[in-house]
Amino acid sequence: MEHKSKLMATASRPGQARMHAKSRRVDIFSHLPDEVALRILCRLSIKDLTHFGCVSKRCRQLYLLSPVLHFDEFPKANTLTCGKRLKLLNCLDRYLVHRGDNKIMKFSVCWARHRLPADEATQCFCDEYYRIMTWIHNAVRCKVQVLDLEISMFEDMAFPSCVFPCESLVHLSLDMKCRIEVPSTFFSNLQYLDLSKVNIVDEGFFKWISCSCKVIKELNLHQVYGPKNVTIESWSLESFSLECHKLIDICHLNISGEKLEEIFIDWKFATPNGKSLSIFAPNLEKFYWFGNFVRNPSLGNPGCLKEVGIFLDPEADDYKYVFDDVYTSSEVNFLNLNEETIKALFRDGSMPAPFENIRHLRVHIRSFINDLVPAMVFLFSGLHNLYTLYIKSSPPLVEPESNNASGFVMGHWSMQNLAFIKQLKEVTIELSHGSNGVEFAMYMLAHAQNLEKMVIIHLPKQYVRRKIKKSKNISKAKIVFKERNRDLV
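Predicted, not measured: the structure shown is a model, and the values here were computed from it.

### Some points on the pairing of strand β1 (residues 68-71)
Part 1 of the reasoning: Burial along β1 is two-sided: Val68 and His70 facing one way and Leu69 and Phe71 facing the other are all buried.
Part 2 of the reasoning: Alignment of β1 against strand β2 (residues 106-111), held across 4 bridges, turns out to be parallel. Looking across to β2, one finds that Phe71 is bridged to Val109.

### Considering helix α3 (residues 46-53)
Part 1 of the reasoning: Of the residues making up α3, those classed as buried are Ile46, Leu49, Phe52 and Gly53. Projection of α3 onto a plane perpendicular to its axis shows the buried side chains occupying an angular sector of 115°, all on one side.

### Observations regarding the sheet that holds strand β10 (residues 229-233)
Part 1 of the reasoning: Here we have 3 strands laid out as an open sheet, ordered β10-β12-β14, and parallel in their pairing. The open sheet has two edge strands, β10 and β14 (276-280), and neither has a second partner. The mean inter-strand angle of the sheet, taken between neighbouring strand axes irrespective of direction, is 5°.

### Focus: the pattern of salt bridges
Part 1 of the reasoning: Following the criterion strictly, the structure yields 13 salt bridges and no others.
Part 2 of the reasoning: For the salt bridge of Lys286 with Glu262, the shortest nitrogen-to-oxygen distance reads 3.9 Å. In this pair, Lys286 is assigned in strand β15 (residues 286-291) and Glu262 in strand β13 (residues 262-267), connecting sequence segments 24 residues apart.
Part 3 of the reasoning: A residue is classified by how much of its surface remains accessible, and Lys286, at 23% relative accessible area, is partly exposed.
Part 4 of the reasoning: For Glu262, a relative accessible area of 29% corresponds to the partly exposed category.

### Considering the packing of helix α2 (residues 34-41) against helix α4 (residues 57-65)
The description of two helices packed together rests on the angle between their axes and the distance between the axes.
Part 1 of the reasoning: Here α2 crosses α4 at 65°, and the two axes come no closer than 10 Å. It follows from the interaxial angle that α2 and α4 lie roughly perpendicular. Two packed elements cross with a definite hand, and for α2 against α4 that hand is right-handed. Of the residues in α4, those in contact with Asp34, Ala37, Leu38 and Leu41 of α2 are Arg58, Leu62, Tyr63 and Leu65.
Part 2 of the reasoning: Tallied by class, residues from the contact of α2 with α4 come to 6 nonpolar, no polar and 2 charged.

### Looking at the sheet that holds strand β8 (residues 199-200)
Part 1 of the reasoning: Read from one edge of the open sheet, 3 strands run β4-β6-β8, paired in parallel fashion. Across the chains shown, the open sheet's two edge strands, defined by having one partner strand only, are β4 (157-158) and β8.
Part 2 of the reasoning: Bridge count for β4 against strand β6 (residues 178-180) is 2 bridges, and the pairing is parallel. Bridging from a neighbouring strand, Ala158 pairs with Arg179 of β6.

About the criteria used
Residues numbered from 1 in each chain as written. Predicted model: local features only at pLDDT ≥ 70, side-chain atom pairs only at ≥ 80, totals over all residues. Heavy atoms only, no water. Buried < 20%, exposed > 50% of the residue type's maximum accessible area, 1.4 Å probe, protein only. Helix = DSSP H or I, 4+ residues; strand = E, 2+ residues; numbered from the N terminus. Pairing = 2+ DSSP bridges. Arc of directions from axis to C-beta. Axes fitted to C-alpha atoms, helices over the stretch in contact; angles between N-to-C directions. Salt bridge = Lys/Arg side-chain N within 4 Å of Asp/Glu carboxyl O. Parallel < 35°, antiparallel > 145°, perpendicular 65-115°, else oblique. Left-handed = near helix turned anticlockwise from the far one by under 90°. Contact = heavy atoms within 4.5 Å. Nonpolar A, V, L, I, M, F, W, Y, C, P; charged D, E, K, R; others polar.

Right, here's the structure in full:
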């Protein structure tokens, strides 16, 4: 009997130990100050937060006080049956009801369209629209500061008018197909506004941003429908970006701001006829332009520009308008160019003078083909003070003929007497099919006496290590080999 009781006592100890350990963990968390506990809870999804609220009374109190709510981790919600999807909505509704008017610092919602036949989805759509709009009203009532909405189920539905007048709101990110009317409020505390796929009913919305958003710092417009004219005049705006494809018929873009430091434009259209671009940003430091070319753009001669990226497809005589305005600043030292722009420079035959001040160059090409090499030589010949060089390539899925990318050996590069090679300190080159890229890398290793590091990113089964290591290396540069991800080939 004594032996049996010892066995029973021994067998119970692991279970008791686990219970005591769990109790200690709960006690440790329960005795944390509210500020520390809530900071930890801010990182939890609504699912994990709900599990936490079931642990104890103290945990339930904290669960209802969490200032950050993430209704965005339902990856399979769009495949659920209507009943299960409705049950999920009911749970989220109950949570918001139970937490009452407790302050919400951040509220994010990611909700996907229900995969149902059109004739069956109507009732489900209406119910879910009402629920989600109620959540947004609830967040506004709870003085939300950051509102992040990514909703793919609605089209051409009105966005709640209560959001923009919300005095506590400083950050709004909206990714959903909905209609936005001109807000009635005359003042907004918004500092960050990101709009994607929305339909702006009236161009007066941009006037509202200019006049009422006195403290806005960042404005991003992605695939925004409706307006033909976008005019922003802001004394507080520091960063602006616009992305629109050919189906969005924006005709005129006018941006003005004393404090603007960054502008990113990705503007694609079928024809430049009737298109205009005007920018006034005297303190602009970073400017990137993607897409199609606008004739006679007015870029305002920014005097503080440090970083420029031109990713256009200009004609030979068009690019001058860009470089004449953009590169009047002697401060530009970081330059990004795509293959089409490099070829346009070569076709015209004249190098913009400010290129002499470029310290960092990044070029984006498809492949190091023979037709591109003369244009690259022409570009490099105008760069006398280059320190870092990054050649990024995107080789085609189908390998080109080997003789189309293998016509220029190291001796050809040596004959060019490129001045920048003496100052060059760091190089990253993504190799493509053929040997032109390898030969250029060998040339730099043989002549760049101050080179400190070279990173060579090669294609799978592109055996270049032995050839590179056997080549002449005038410097003590560290050579790093990396294999290109197959997904990027």
